[in-house]
Amino acid sequence: MKDIRLVVQRFDPSVDRKPRYVEFPVPFREGMTVLDAILQARDYADHSIGVRCSCRQASCGSCGMKINGKARLACYTQVAELRSEKVVVQPMDNFPIIKDLVTDLDGFFDRHRELLPRILRADEAEMESPTAEYLMSPEELDKILQFTYCIKCGLCTSSCPTVGTDSLFPGPQALAQAYRYTMDVRDEGGGERFELLDTRHGVFRCHYAGSCSAVCPKGVDPALGIQLLKRHVMSAKPPRGNGEGARVWTKGS
Amino acid sequence: MRESRLMLVQYVTAAAAVVLVAIHLLLQGVLVPYGTAISFGTVLSAYRSVISIVFLELLLVVVLVHGFNGVRIILHELRQTASWSRWVDAGTVIAIVASVGYGTRTILLAVLMGVSS
């Protein structure tokens with residue numbers, strides 16, 4: 001492969017009425033990622049291409065976009081792996097467009113926060129200033145470990161068909177994190193979260209399309225977390241709670 | 001009613017519908033030939049057996065509850081306003097009650113015809 005044809009969807013909501021596609025020839029080099037190609041086009045062909053990126057190593061989740069029709073991280077997608085000389089980049093679905101490939105993630109983070117993605121303890125004073133160490137066994141950690149890898153890139157939410165139709169649905173990212181914290185043995189806030197999840201537009205609106213898990217660049221399986229969360233909400237029993245948290249280790253114990 | 005309860009109803013009626021519809025199909029063309037199964041005499045004789053009547057009523061309720069509850073879920077995803085939610089929930093209950101009532105009426109009429117013939 002010598003050159004690739006990078007096709008960028010351009011759209012500025014303050015100026016344009018509908019998106020347009022602009023093609024840029026970009027010289028291919030070994031190990032080139034799609035983000036490299038976009039930055040090359042921006043640096044040498046058109047400075048006005050709107051793209052968001054930061055770490056360039058699939059850690060920050062800034063460069064989520066649709067690449068040849070599939071939601072991916074641009075920094076984590078090699079041009080060679082696409083096996084195509086034509087690379088079409090578009091902003092993520094299900095998000096408002098700020099400009100070109102940059103989407104507005106405010107609503108996404110709001111939904112994440114609404115489901116209390118933090119450890120909640122019944123004893124608020126202890127929660128704010130812990131006096132002891134709360135232990136967790138490797139088996140207990142294993143239940144939630146994959147969900148802690150979430151980098152909040154929004155790819156799962158962009159590929160979720162329910163998010164596309166139901167604006168009040170929290171989306172796979174927020175739900176998977178609700179599961180992660182509910183299953184954390186140190187947490188006692190499951191009941192509080194269940195109140196938020198057991199609604200007309202809550203966890204049961206997930207129809208298990210599974211596209212969230214298919215696109216996650218970190219190997220998280222949000223669809224699994226959501227189905228397990230449904231089971232707990234259905235039984236109305238948070239896995240922990242009523243003071244039955246993790247074993248507490250204090251100095252000298 | 002909480003959404004988790006409504007979804008539990010949805011799952012239970014789905015499982016029940018699979019069993020009931022399977023039995024219904026077995027009696028309507030597999031174990032009993034289709035031509036015989038839909039003959040006037042066979043149909044009326046079904047309404048002389050209490051087990052058969054209970055089975056038909058159960059099939060009616062299970063399938064209608066499952067079907068209308070499914071439509072309710074789709075309608076909730078269509079729009080997301082509070083008033084729409086209330087109308088959809090109320091409409092679903094009305095639709096289920098009306099349909100089950102109409103179906104039950106048909107079963108009762110057939111039972112009366114079966115008894116009187």
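What you are looking at is a predicted structure, and each value in this text was computed from that prediction instead of being measured. (Residues numbered from 1 in each chain as written. Chains lettered and ligands numbered in written order. Predicted model: local features only at pLDDT ≥ 70, side-chain atom pairs only at ≥ 80, totals over all residues. Heavy atoms only, no water.)

Considerations on the overall build of chain B
Per the secondary structure count, chain B includes 5 helices and 0 strands. Ordering the α and β elements of chain B from the N terminus gives α-α-α-α-α. What you see for chain B is a C-alpha radius of gyration of 17 Å, clearly larger than the 13 Å of a compact globule of 117 residues, by over 25%. Dimensions of chain B along its principal axes, counting C-alpha atoms only, are 50 × 30 × 20 Å. Buried positions account for 31% of the 117 residues belonging to chain B. (Helix = DSSP H or I, 4+ residues; strand = E, 2+ residues; numbered from the N terminus. Rg over C-alpha atoms; globule rule 2.2 N^0.38 Å. Buried < 20%, exposed > 50% of the residue type's maximum accessible area, 1.4 Å probe, protein only.)

Considering the pairing of strand β5 (residues 86-90) of chain A
Consecutive side chains along a regular strand alternate between the two faces of the sheet. Residues and elements named next belong to chain A. With 4 of 5 residues buried, β5 is to be regarded as a mostly interior element. Examined bridge by bridge, strand β1 (residues 3-10) and β5 share 4 bridges and lie parallel to one another. Considered in β5, the bridge of V7 is made with V88. Examined bridge by bridge, strand β3 (residues 64-67) and β5 share 2 bridges and lie antiparallel to one another. Bridged to I67 within β5 is V89. (Pairing = 2+ DSSP bridges.)

Quick notes on the packing of helix α7 (residues 172-182) of chain A against helix α10 (residues 222-235) of chain A
Pairs of packed helices are described in terms of their axes, by the angle between the two and the distance that separates them. Residue and element names in this part refer to chain A. Contact pair α7 / α10: the axes reach a minimum separation of 8 Å and the direction vectors enclose 60°. Here α10 runs oblique to α7, going by the angle between their axes. Between α7 and α10 the crossing geometry is left-handed. Mapping the contact onto sequence places P172, L175, A176, A178, Y179 and T182 in α7 and P222, G225, I226, L228, L229 and H232 in α10. (Axes fitted to C-alpha atoms, helices over the stretch in contact; angles between N-to-C directions. Parallel < 35°, antiparallel > 145°, perpendicular 65-115°, else oblique. Left-handed = near helix turned anticlockwise from the far one by under 90°. Contact = heavy atoms within 4.5 Å.)

Considering the pattern of salt bridges
Applying the stated criterion to the full structure yields 21 salt bridges over all chains. Where A:R72 meets A:E81, a salt bridge forms, and the shortest distance between an N and an O atom there is 3.3 Å. Where B:R72 meets B:D89, a salt bridge forms, and the shortest distance between an N and an O atom there is 3.9 Å. Placement of B:R72 in helix α4 (residues 50-78) and of B:D89 in helix α5 (residues 82-116) is noted, with a sequence separation of 17 residues between them. Under the relative-accessibility criterion, B:R72 is labelled buried at 2%. Each of the salt bridges in this network shares a partner with another, and the network as a whole consists of A:R200, A:R205, B:E3, B:R72, B:E77 and B:D89. (Salt bridge = Lys/Arg side-chain N within 4 Å of Asp/Glu carboxyl O.)

Geometric descriptors of this kind do not, in isolation, establish any biological role.
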